[in-house]
Amino acid sequence: MRVLVVGNGAREHAIAKALNDSGGELYGFMNAVNPGISRICRDYTVGDILNPGKVFEYSRKKGVELAVIGPEAPLGAGVADALEDAGILCVGPRKSPARLETDKSFARPLMQKYNIRGCPAFGVFDNKEDACSYIDDFGGDLAIKPAGLTGGKGVAIMGEHFDLDGAKKYVCEIFDTNMGKIPKVVLEERLVGEEFTLQGFVDGKTVVGAPMVQDHKRAYDGDVGPNTGGMGSYTDKGYILPFLTQKDYDDGLAIMRDTIEAVEKETGERYRGFLYGQFMATKDGVKVIEYNARLGDPEAMNILSILESSMVDVCEKIGAGSLGENDVSFKNNATVCKYLVPHGYPTNPLKNLEINVDEAKIKSAGAIPYYAAVREESGKILTSSSRAVAVVGVSDTIEAAEKIAEECMNYVDGNLIHRKDIGTKELIKKRIDHMRQIRG
Ligand code: AMP
Ligand code: GLY
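Residues numbered from 1 in each chain as written. Chains lettered and ligands numbered in written order. Predicted model: local features only at pLDDT ≥ 70, side-chain atom pairs only at ≥ 80, totals over all residues. Heavy atoms only, no water.

Student: Just to check I follow, could you spell out the side chain of serine 309 for this structure?
Tutor: For serine 309, the location among the structural elements is in the loop between helix 11 (299-304) and helix 12 (311-320). Looking at serine 309, the relative accessible area reads 17%, which means it is buried. In this structure the side chain of serine 309 is engaged in a polar contact, spanning 2.7 Å, whose partner is the backbone nitrogen of serine 329. Beyond its immediate stretch of four places on either side in the chain, serine 309 contacts Val314, Asp327, Val328 and Ser329. (Helix = DSSP H or I, 4+ residues; strand = E, 2+ residues; numbered from the N terminus. Buried < 20%, exposed > 50% of the residue type's maximum accessible area, 1.4 Å probe, protein only. Polar contact = N/O pair within 3.5 Å; in protein donor to acceptor, adjacent residues only side chain to side chain. Contact = heavy atoms within 4.5 Å.)

Encoded structure:
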């Protein structure tokens with residue numbers, strides 16, 4: 001089957017690899033040449049992934065039968081609509097259902113309207129004055145979010161980033177700079193607990209869940225420093241993380257199923273693609289932090305590295321609306337993903353540095369390398385300002401997978417740094433103790 005992958009990050013490399021491993025004939029539409037993707041494609045092109053007409057034109061020329069759209073921005077730009085309307089099976093929701101991610105002022109009211117569990121107290125505001133009064137009256141810490149897409153960098157938390165006055169200033173900045181390009185702000189109760197990610201494979205009706213993942217947003221060891229796109233993540237053997245429960249998993253998945261049903265009722269369109277549910281396990285149960293209309297980066301790499309089913313088969317069924325509950329299975333292994341990033345990332349990163357990845361050594365150590373925001377030019381691999389390379393260690397326990405991933409950090413040459421603590425025994429114990437304390 002001729003399959004197009006749209007996007008060129010490490011998540012898309014993981015998607016492309018899984019499709020290639022299951023016999024797909026691959027085509028790539030990328031913003032820049034990802035060396036991991038280009039190498040396994042029958043053909044690829046570099047173009048604007050936000051231009052539905054161009055993505056369609058390339059797909060038509062190559063006779064693409066199935067398209068998998070990696071990032072959120074092309075979904076918001078209507079790439080899935082253009083491909084699906086032309087009869088191409090598509091993994092990635094159309095523009096209207098994708099608002100679950102692209103417009104937070106759509107997602108929260110939807111949960112409220114359809115009485116979906118796990119929604120924190122919130123307000124949506126289209127002017128500064130009302131938003132600032134809500135902050136004054138709320139009487140507790142809030143998360144402040146521009147409604148539109150900000151590349152994961154728009155959310156600020158009172159008590160962490162700002163006090164009350166700082167929060168009001170930030171609200172004004174959001175309106176004054178039209179941050180997120182939707183003139184609205186969402187204010188919501190600050191949730192306290194442990195975060196986890198549930199990724200679902202969704203064919204419009206059926207939502208099949210993957211193992212729980214925990215990402216690490218902060219740049220430095222010990223969960224300090226600025227927020228990043230994610231420095232690394234892990235899954236345990238089975239589906240449940242050591243500090244969470246089967247009930248947390250079941251509740252999260254039930255909330256995602258209810259949300260998918262509500263999206264169809266609200267928009268009149270079926271949601272087909274991946275659904276990323278970000279949750280907080282709190283003392284009052286599982287709460288939704290946000291939804292994304294795609295797989296996570298790095299979380300996609302954890303689950304796709306242990307996917308047992310054929311990715312081509314799973315994606316075809318998502319696009320055709322025929323996915324069964326038992327169609328997606330995973331190997332019974334733990335995974336640890338670690339990202340190598342340029343010095344100074346995310347605030348003041350070094351750029352355009354050459355790196356060398358010893359893929360043979362990484363593979364013989366029991367890990368898988370994925371290329372992220374790097375590009376290949378004249379045979380050299382050069383960094384950009386963002387995350388460069390990820391390595392996923394796979395083993396029986398998180399601890400063993402961590403050791404593999406950590407060893408592999410030595411097999412990438414270049415001026416890059418990574419978090420040494422992700423997946424270590426000490427960090428997992430910290431999470432277990434924290435959750436014990438939260439649950440009382
Ligand atoms: P988002 O861009 O919505 O994923 O938010 C970025 C980060 O902000 C999340 O990973 C959480 O750590 C944090 N966050 C978002 N919403 C809340 C909330 N309501 N309470 C506490 N933390 C939050
Ligand atoms: N890991 C965070 C995200 O993909 O949004």
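Right, picking up where we left off after that structure.
Student: Can you help me understand the site of ligand 2 in this one?
Tutor: Contacts to ligand 2 come from Asp215, Lys217, Gly229, Tyr276, Asn292, Arg294, Gly296, Asp297, Pro298 and Glu299. Between a nitrogen atom of ligand 2 and a side-chain N or O atom of aspartate 215, the distance comes to 2.8 Å. Contact between ligand 2 and asparagine 292: an oxygen atom at 3.4 Å from a side-chain N or O atom of the residue. Out of a free accessible area of 200 Å², ligand 2 has 91% covered by protein chains. (Near = heavy atom within 4 Å. Areas by Shrake-Rupley, 256 points an atom, 1.4 Å probe, with all protein chains shown as cover.)

Student: Just checking my understanding: could you explain the nonpolar core for this structure?
Tutor: Inside soluble globular proteins, nonpolar side chains tend to come together where they are buried. Counting 103 residues, the largest nonpolar core has Leu19, Phe201 and Phe274 as the members making the most contacts within it. The biggest single contributor to this core is helix 10 (residues 246-267), with seven residues. Not counting the four nearest positions on each side in its chain, leucine 19 is found in contact with Val3, Val5, Gly24, Leu26, Val68, Met311, Val312 and Cys315. (Core = buried A, V, L, I, M, F, W, Y, C linked by side-chain atoms within 4.5 Å.)

Student: It is not clear to me how the pairing of strand 16 (residues 272-282) should be interpreted in this structure. Could you clarify?
Tutor: Side chains on a regular strand alternate between the two faces of the sheet. With eleven of eleven residues buried, strand 16 lies mostly within the body of the structure. In textbook terms, the turn of a hairpin is the stretch between consecutive antiparallel strands, and for strand 16 and strand 17 (residues 285-292) this stretch comprises two residues. (Pairing = 2+ DSSP bridges.)

Student: I tried to follow the sheet that holds strand 22 (residues 380-383) on my own but got confused; where do I start?
Tutor: Sheets are built from strands paired through backbone hydrogen bonds, the pairs being either parallel or antiparallel. Taken in spatial order, the four strands of this open sheet run 21-22-19-24, and their pairing is antiparallel. Each edge of the open sheet is held by one strand with a lone partner, namely strand 21 (374-377) and strand 24 (412-413). Relative to strand 22, strand 21 runs antiparallel, the two sharing four bridges. Bridge pairing in strand 22 links arginine 375 to leucine 382.

Student: What exactly am I supposed to notice about the pairing of strand 14 (residues 224-227) here?
Tutor: When strand 13 (residues 218-220) meets strand 14, the two strands line up antiparallel, connected through two bridges. Paired with arginine 218 across the two strands is asparagine 227, which belongs to strand 14. Where strand 13 folds back onto strand 14 in an antiparallel hairpin, the turn is made up of three residues, including glycine 222, whose phi is positive at roughly 80°.

Student: Looking at this structure, how should I read the site of ligand 1?
Tutor: Neighbouring residues of ligand 1: 15 residues in total, closest Lys145, Leu191, Glu195, Gln278 and Glu290. Alone, ligand 1 offers 480 Å² of accessible surface; in the complex the protein occludes 91% of this. Listing elements by their share of the shell around ligand 1, those giving two or more residues are strand 7 (142-146), strand 9 (185-189), strand 16 and strand 17.

Student: Please clarify how the packing of helix 1 (residues 10-21) against helix 12 should be interpreted in this entry.
Tutor: Between helix 1 and helix 12, the shortest axis-to-axis distance is 7 Å and the interhelical angle comes to 105°. Judged by the angle between their axes, helix 1 and helix 12 are roughly perpendicular. Across the interface between the two elements, Ile15, Ala18 and Leu19 from helix 1 touch Met311, Val312 and Cys315 from helix 12. Class assignment of the residues belonging to the contact of helix 1 with helix 12 gives a composition of six nonpolar, no polar and no charged. (Axes fitted to C-alpha atoms, helices over the stretch in contact; angles between N-to-C directions. Parallel < 35°, antiparallel > 145°, perpendicular 65-115°, else oblique. Nonpolar A, V, L, I, M, F, W, Y, C, P; charged D, E, K, R; others polar.)

Student: Even after reading the chapter, I still don't get the sheet that holds strand 9, so can you show me in this structure?
Tutor: Strands sit in the order 6-9-7-8 across an open sheet of four strands; the sheet is antiparallel. With partners counted over all chains shown, the strands left at the sheet margins are strand 6 (122-125) and strand 8 (156-157), one partner each. For strand 7 and strand 9, the ladder comprises five bridges, and the chain directions are antiparallel. What sits directly across from isoleucine 144, in strand 9, is leucine 187.

Student: Even after reading the chapter, I still don't get helix 7 (residues 104-113), so can you show me in this structure?
Tutor: Side chains that are three or four residues apart share a direction in an α-helix, a result of its 3.6 residues per turn. With respect to burial, helix 7 is a largely interior element, seven of its ten residues being buried. Among the residues of helix 7, those classed as buried are Lys104, Ser105, Phe106, Ala107, Arg108, Leu110 and Met111. Taken together, the buried residues of helix 7 touch helix 6 (99-102), strand 6, strand 7, strand 9, helix 10 and strand 17. Looking one or two residues past helix 7, asparagine 115 carries a phi angle of roughly 50°, positive in sign.

Student: How should the pattern of salt bridges be read in this particular structure?
Tutor: Pairs can form between side chains of opposite charge whenever their charged atoms are close. The tally for this structure, following the rule as stated, stands at 44 salt bridges. Between arginine 294 and glutamate 101 there is a salt bridge; the shortest N-O distance is 3.3 Å. Of this pair, arginine 294 sits in the loop between strand 17 and helix 11 while glutamate 101 sits in helix 6; the two residues are 193 residues apart in sequence, bridging distant segments of the chain. Here the two residues arginine 294 and glutamate 101 agree in accessibility, since each one is buried. Salt bridges sharing partners connect three or more residues here, namely Asp81, Glu84, Asp85, Arg94 and Glu269. (Salt bridge = Lys/Arg side-chain N within 4 Å of Asp/Glu carboxyl O.)

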